[in-house]
Amino acid sequence: MKTYICPICGYDGLDAPPYEIHSHSASYDICPCCYFEYGYSEDHEVDLGYIVTPVDMREAAFQLYRKQWIEKGAVVGSPENYPKEFQEDGKVKQETVLKQLNRLNLPLDNLTFLEEYDI
Ligand SMILES: [Zn+2]
């Protein structure tokens with residue numbers, strides 16, 4: 001079965017694409033890993049000073065959410081729907097977090113908040 005990658009945490013296990021490429025419409029699914037709800041979290045859980053985050057601001061919302069998620073310890077949003085082998089004490093294993101983030105090809109200067117990690 002084809003899976004899709006979460007643009008926030010890099011988890012490769014979504015059943016549906018989080019956003020349609022052309023229409024930008026969101027799936028309103030929730031990532032079992034970082035618990036971001038596509039189409040909701042960027043507008044309601046990230047304070048960018050907008051009521052509805054414009055499409056071109058989504059990446060900024062993703063970055064903020066990603067940063068907060070990691071700073072809080074990369075807690076697994078839905079442990080029963082996320083592979084057990086990637087979890088440890090309710091959190092995503094450090095090596096798995098790094099593997100997932102690598103998948104997103106993030107610019108390295110966005111990863112300064114990973115300094116506490118041993119990389
Ligand atoms: Zn995610």
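For the structure given in this document, a descriptive report is provided here. From a predicted model like this one, the values you see are computed outputs, not experimental measurements.

About the thresholds
Residues take numbers from 1 onward in each chain, read along the sequence in its written order. Owing to the predicted nature of the model, reporting of local features is limited to residues with pLDDT of at least 70; listing and counting of side-chain atom pairs is limited to 80 or more, with chain, interface and lining totals taken over all residues. Based on all heavy atoms of the structure, the side-chain values leave hydrogens and waters out of the count. We call an atom a donor if it is N, O or S and sits within 2.8 Å of the metal, or 3.2 Å for Na, K and Ca. Water is not counted, so some sites may look partial. Note on geometry labels: four donors, all angles 85 to 135 degrees, give tetrahedral; four donors become square planar and six octahedral when opposite donors are over 155 degrees apart and every other angle is between 65 and 115; remaining cases are irregular. Only DSSP runs of H or I with at least four residues qualify as helices, and only runs of E with at least two residues qualify as strands; both kinds are numbered from the N terminus onward. Here's how the labels work: a residue is buried when its accessible area is under 20% of the maximum for its type, exposed when over 50%, partly exposed in between, all with a 1.4 Å probe on protein chains only. Polar contacts, as used here, are pairs of N or O atoms within 3.5 Å; protein pairs need one atom able to donate a hydrogen and one able to accept it. Residues neighboring in sequence count only if both atoms are side-chain atoms. Any two residues having at least one pair of non-hydrogen atoms within 4.5 Å are treated as being in contact. In the sections that follow, a salt bridge refers to a side-chain nitrogen of Lys or Arg positioned within 4 Å of a carboxyl oxygen of Asp or Glu.

**Notes on the coordination of the zinc ion**
At the metal site, the zinc ion is ligated by Cys6 (SG), Cys9 (SG), Cys31 (SG) and Cys34 (SG), and these contacts range over 2.3 Å. Around the zinc ion, the four donor atoms are arranged such that angles at the metal cover 107 to 112°; this shape is classified as tetrahedral. Coordination of the zinc ion draws on donor residues from a single chain, spaced C-x2-C-x21-C-x2-C in sequence. In this pair, Cys9 sits in the loop between strand 1 (4-5) and strand 2 (12-14) while Cys34 sits in the loop between strand 2 and helix 1 (41-44), placing the two residues 25 residues apart along the sequence. Taken as a pair, Cys9 and Cys34 share a single burial class, namely buried.

**Quick look at the side chain of Gln100**
Relative to the helices and strands, Gln100 is located in helix 3 (residues 94-103). Gln100 sits in the buried class, given a relative accessible area of 2%. A polar contact is formed between the side chain of Gln100 and the backbone oxygen of Cys9, at a distance of 3.0 Å. Those residues in contact with Gln100 that sit more than four places away from it in its chain are Cys9, Gly10, Tyr11, Cys33 and Tyr82.

**Considerations on the pattern of salt bridges**
Summed over all chains, the structure comprises three salt bridges. Note that Arg66 is salt-bridged to Glu59, the shortest N-O span being 3.7 Å. In this structure, Glu71 and Lys67 form a salt bridge, with 2.8 Å as the shortest nitrogen-oxygen distance. With Glu71 and Lys67 both in helix 2 (residues 58-71) and four residues apart, the pair spans about one turn of that helix.

**Points about unusual backbone geometry**
Backbone geometry places Tyr28, a non-glycine residue, at a positive phi of 60°. Checked against the element boundaries, Tyr28 lands in the loop between strand 2 and helix 1. Of note in this structure, Tyr35 is not a glycine but carries a positive phi near 65°. Mapped onto the fold, Tyr35 is located in the loop between strand 2 and helix 1.

**Brief notes about the side chain of Thr96**
Within the secondary structure layout, Thr96 lies in helix 3. Taking the relative accessible area as the measure of exposure, Thr96 reaches 7% and is therefore buried. With near-sequence residues (within four places) excluded, Thr96 lies in contact with Tyr82 and Phe86.

**What about the environment of Tyr65?**
Positionally, Tyr65 belongs in helix 2. Since its relative accessible area comes to 10%, Tyr65 is described here as buried. A C-alpha to C-alpha distance of 7.9 Å links Tyr65 and Glu45, two positions 20 residues apart in sequence. Each residue touching Tyr65, except ones within four places of it in the same chain, is listed here: Ile8, Cys34, Tyr35, Phe36, Ser41, Glu45 and Val46.

These figures capture arrangement, not role.
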